[in-house]
Amino acid sequence: MSDPASGTQERLPAGPGVPLASARGRWLVLATVLGSTMALLDSTVVNVALPTIGVDLGADLAVLQWTVNAYMLTLAGLILVGGALGDRFGRRRVFVLGVVWFAGASLLCGIAPNAGVLVAARALQGVGGALLTPGSLALIQGSIAAGDRARAVGLWSGFGGVGAAVGPFLGGWLVDGPGWRWVFLLNVPVAAVCVPIALRHVPESRDPHAHGRFDVLGAALGAAALALVTYALIEARSGSPLVIASAAGGVLLGAVFVYVERHRADPMLPPDIFASRQFTAVNVVTLFVYAAFSGFFFLVVLQLQVVSGYSALAAGAALLPTTLLMLLLSARSGALGEKIGPRIPLTVGPLLCAAALLLMLRVGPDASYVRDVLPALIVMGMGMVALVAPLTATVLSSVDPGRAGLASGINNAAARAAGLLAVAALPLLAGMAPDAYRSASEFDAAFGRAMLWCAGLLVAGAVVAWTTVRKPVPGAGCHPECHTFCATTSPPLEPPRAAKP
């Protein structure tokens, strides 16, 4: 690690890595947990604050969409690049840069005088998230002793789950108490604790095989295509020439992105990874189900507050059963998926979630939590339990173990992009007017139509899973050209990263 006094660089010993039981190992895990928790809390608490943000800034529904989407846009577009930067220039260095960047953007969000500044700051937050998110897990993978990595990742995941559970409570309390701006300002003291711990206790690590050029062109084309399509969907009601031009430009840039990635020597998104039909199929399932999840979680807190009369704290706390079920049962679901294969869980899970969204149609004015809200959220939680862990395991195991990090990064980016487009498109498809969230009756009707769209996406995901995903074939290899599911043991978790840049 760097010694501030001497300016020298301390290298990792040639031995097996940092033991988790050592003081340094515990500090390392704490730093990664703090960093990843910043991004996790931000994603779980901002939705709870949206109605209050809209009223305080005099914003319409499009601004609320951009408050969510500006962050997801830059995060989805740059997360593979963030992983590659860490591999090349040092994972601790890029992680710390991401934490500082995220905190600075959070401060700007917290003091934003108007909606335009808030949206721009959220986009900057996404850049910081793209730097720190892959780095948090990369530091564990690159520095903790091999025999302790599974336990370290378990601690990292467990504390992350606690953060996910606390997030809605914390967000609701902040919105109802000191105000929505503290949803963002809270990241600043967390970063002030995280950065010194990382600089003092976390060793530097990098990929010695990283070489070549970064695919900056690919990253720029992908992000620009998503941005133009998102803008066109959010502003489609105006029907202006600019909207039409944005839609056409987004589709054109998307086609150029595919062409560039197919012809570059070191692409951000290597086309040959999709030679595995299983990998391709699971990513298609990911697009459908995470579009539905993102649309649901974006709209449900608005429904509970605008239509059902819940406070921000009550709306955030209402979602807790889903999180608790994920925390308690995901490990068992992963073991079951390994035993029976991914096809059934990836089919049953989305169907359960679709049923939950149909149950949400009962949630209207003066909805009873126990009678109307809770049953839907329990079914939703059971569906996510059945789906999420087997989906992640299938993504990692459907490619060569040496490309597990790349596969994870691609799947993460696919989920983010799906959420981005869903939040942009659903209000349009459901016929939500720009000021719909200010009228309980208008929003309630549009929410019902949106839930039907989300349920349809989940059913489509289930159909894709049933018709394309197969049980592992014993002894199947993992050559990039193979079209069978890799039946080797699950590879070690690796951080999302791009191909060797």
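About the criteria used
- Residues numbered from 1 in each chain as written.
- Predicted model: local features only at pLDDT ≥ 70, side-chain atom pairs only at ≥ 80, totals over all residues.
- Heavy atoms only, no water.
- Axes fitted to C-alpha atoms, helices over the stretch in contact; angles between N-to-C directions.
- Helix = DSSP H or I, 4+ residues; strand = E, 2+ residues; numbered from the N terminus.
- Parallel < 35°, antiparallel > 145°, perpendicular 65-115°, else oblique.
- Left-handed = near helix turned anticlockwise from the far one by under 90°.
- Nonpolar A, V, L, I, M, F, W, Y, C, P; charged D, E, K, R; others polar.
- Bend = angle between axes of the 7 residues up to and from the residue.
- Contact = heavy atoms within 4.5 Å.
- Patch = residues over 30% accessible without salt bridge, like charges linked within 9 Å, V, L, I, M, F, W, Y side chains within 5 Å.
- Areas by Shrake-Rupley, 256 points an atom, 1.4 Å probe, with all protein chains shown as cover.
- Salt bridge = Lys/Arg side-chain N within 4 Å of Asp/Glu carboxyl O.
- Buried < 20%, exposed > 50% of the residue type's maximum accessible area, 1.4 Å probe, protein only.
- Phe/Tyr/Trp six-rings, centres within 6.5 Å; stacked < 30°, edge-to-face > 60°.
- Lys NZ or Arg CZ within 6 Å of the ring centre and 35° of its normal.
- 1 Å grid on protein atoms, 1.4 Å probe; cavity = no way out; pocket = protein on both sides within 12 Å on 5 of 7 lines; lining within 4 Å.
- Points joined across faces, edges and corners; volume = space filled by probe spheres on them.
- Expected span 1.5 Å × (residues − 1).
- Core = buried A, V, L, I, M, F, W, Y, C linked by side-chain atoms within 4.5 Å.

Asker: It is not clear to me how the packing of helix α2 (residues 61-89) against helix α4 (residues 115-143) should be interpreted in this structure. Could you clarify?
Answerer: Each packed pair of helices is defined by two parameters, the angle between the axes and the distance between the axes. Where α2 meets α4, the closest approach of the two axes is 6 Å, and the angle between their N-to-C directions is 25 degrees. Considering their axes alone, α2 and α4 lie roughly parallel with respect to each other. The way α2 lies across α4 gives a crossing that is right-handed. The residue inventory of the contact of α2 with α4, partitioned by class, reads 17 nonpolar, eight polar and one charged.

Asker: What is the right way to read helix α1 (residues 23-57) from this model?
Answerer: Spacing of three or four residues puts side chains on the same side of an α-helix, whose turn is 3.6 residues. Helix geometry: α1 is bent most strongly at A49, by close to 50 degrees, with proline P51 lying one to four residues after it. In the segment just after α1, G58 is the residue with positive phi, at about 60 degrees.

Asker: Can you help me understand the packing of helix α13 (residues 343-359) against helix α16 (residues 440-468) in this one?
Answerer: Where α13 meets α16, the closest approach of the two axes is 8 Å, and the angle between their N-to-C directions is 170 degrees. Accordingly, the angle class assigned to the pair α13 and α16 is roughly antiparallel. Relative to α16, the crossing made by α13 is left-handed. Residue-level inspection shows R343, L346, T347, P350, L351, C353, A354, L357 and L358 of α13 in contact with α16, the latter providing M451, L452, C454, A455, L458, V459, G461, A462, A465 and W466. Residues of the contact of α13 with α16, tallied by class, amount to 16 nonpolar, two polar and one charged.

Asker: Would you explain a nonpolar patch on the surface in this entry?
Answerer: Nonpolar side chains collect at one region of the surface, where L336, I340, I344, V348, L352, I378, M382 and W466 lie side by side and expose about 640 Å² of accessible area between them. Of all elements in the fold, only α12 (320-340), α13 and α14 (369-397) reach the threshold of two or more residues within the nonpolar patch. It is α13 that provides the largest number of residues to the nonpolar patch, a total of three residues. Tracing the sequence through the fold places M382 in helix α14. For M382, a relative accessible area of 35% gives the class partly exposed.

Asker: Looking at this structure, how should I read the packing of aromatic side chains?
Answerer: By convention here, two paired aromatic rings are described through the distance between centres and the angle between planes. Applying the stated criterion across every chain, the model contains five aromatic pairs. With a centroid separation of 5.5 Å and 80 degrees between ring planes, the pair formed by Y290 and F293 is classed as edge-to-face. With Y290 and F293 both in helix α10 (residues 277-307), this residue pair falls three residues apart, about one helical turn. Here F296 and F297 contribute two aromatic rings whose centre-to-centre distance is 4.9 Å and whose plane-to-plane angle is 70 degrees, an arrangement assigned as edge-to-face. Overall, F296 belongs to the buried group, its relative accessible area being 1%. The aromatic ring of F89 is capped on one face by R88, whose charged end is 5.8 Å from the ring centroid. A cation sits over an aromatic face here: R343 above W466, 3.7 Å from the ring centre.

Asker: Looking at this structure, I do not really get the pattern of salt bridges. What am I missing?
Answerer: A side chain of one charge can pair with a side chain of the opposite charge when the charged atoms of the two come close. Scanning the entire structure with this criterion turns up three salt bridges. The shortest N-O distance in the salt bridge between D372 and R371 comes to 3.6 Å. R438 is paired through a salt bridge with D435; the nearest N and O atoms lie 3.6 Å apart. R438 gets classed as partly exposed once you look at its relative accessible area, which sits at 44%. Classification of D435 as partly exposed rests on a relative accessible area of 43%.

Asker: I'm lost on unusual backbone geometry in this one. Help?
Answerer: Negative phi is the rule for most residues except glycine; trans is the rule for most peptide bonds. Of note in this structure, D366 is not a glycine but carries a positive phi near 55 degrees. Tracing the sequence through the fold places D366 in the loop between α13 and α14.

Asker: Explain the environment of P434 here, please?
Answerer: Within the secondary structure layout, P434 lies in the loop between α15 (404-429) and α16. Given a relative accessible area of 36%, P434 falls into the partly exposed group. Aside from chain neighbours lying at most four places away, what touches P434 is D60, L61 and R237.

Asker: Sorry if this is basic, but what is going on with the environment of G383 here?
Answerer: Mapping G383 onto the fold places it in helix α14. The spatial distance from the C-alpha of G383 to the C-alpha of A355 is 9.1 Å, given a sequence separation of 28 residues. Once you skip the residues sitting within four places of it in the chain, G383 turns out to touch G349, L352 and C353.

Asker: Got a minute to help me understand the side chain of S106 in this structure?
Answerer: Tracing the chain through its elements places S106 in helix α3 (residues 91-110). Look past the residues within four positions of S106 in its chain and what remains in contact with it is Q125, F184, L185 and N187.

Asker: I would appreciate a short explanation of the layout of surface pockets in the present structure.
Answerer: If you roll a probe as big as a water molecule over the atoms, it shows you where there is empty space left. In this structure, the second largest pocket encloses a volume near 830 Å³. What lines the second largest pocket is a set of 27 residues, among which L226, F257, V258, L269 and A417 lie closest to the centre. Elements supplying a minimum of two residues to the lining of the second largest pocket: α2, α8 (216-234), α9 (241-263), α10 and α15. If one sorts the elements of the lining of the second largest pocket by residue count, α8 sits on top with six residues. Residue classes in the lining of the second largest pocket are distributed as 20 nonpolar, five polar and two charged.

Asker: How should α10 be read in this particular structure?
Answerer: In a regular helix each residue adds 1.5 Å, so 31 residues correspond to 45 Å; α10 covers 44 Å between its end C-alpha atoms and thus fits that length. For α10, the buried fraction is high: 23 of the 31 residues fall into the buried class. Phi turns positive one or two residues past the end of α10, at G309, with a value near 80 degrees.

Asker: Any chance you could explain the nonpolar core here in plain terms?
Answerer: Nonpolar side chains in soluble globular proteins tend to be buried together. The biggest cluster of nonpolar side chains holds 125 residues, and the ones touching the most others in it are L299 and F443. No other element matches α10, which puts 16 residues into this core. Aside from chain neighbours lying at most four places away, what touches L299 is L426, M432, F443, F447, A450 and M451. Residues A62, W66, I234 and A424 belong to the second largest nonpolar core, which totals six residues.

Keep in mind that these numbers describe shape and distance, not what the molecule does.
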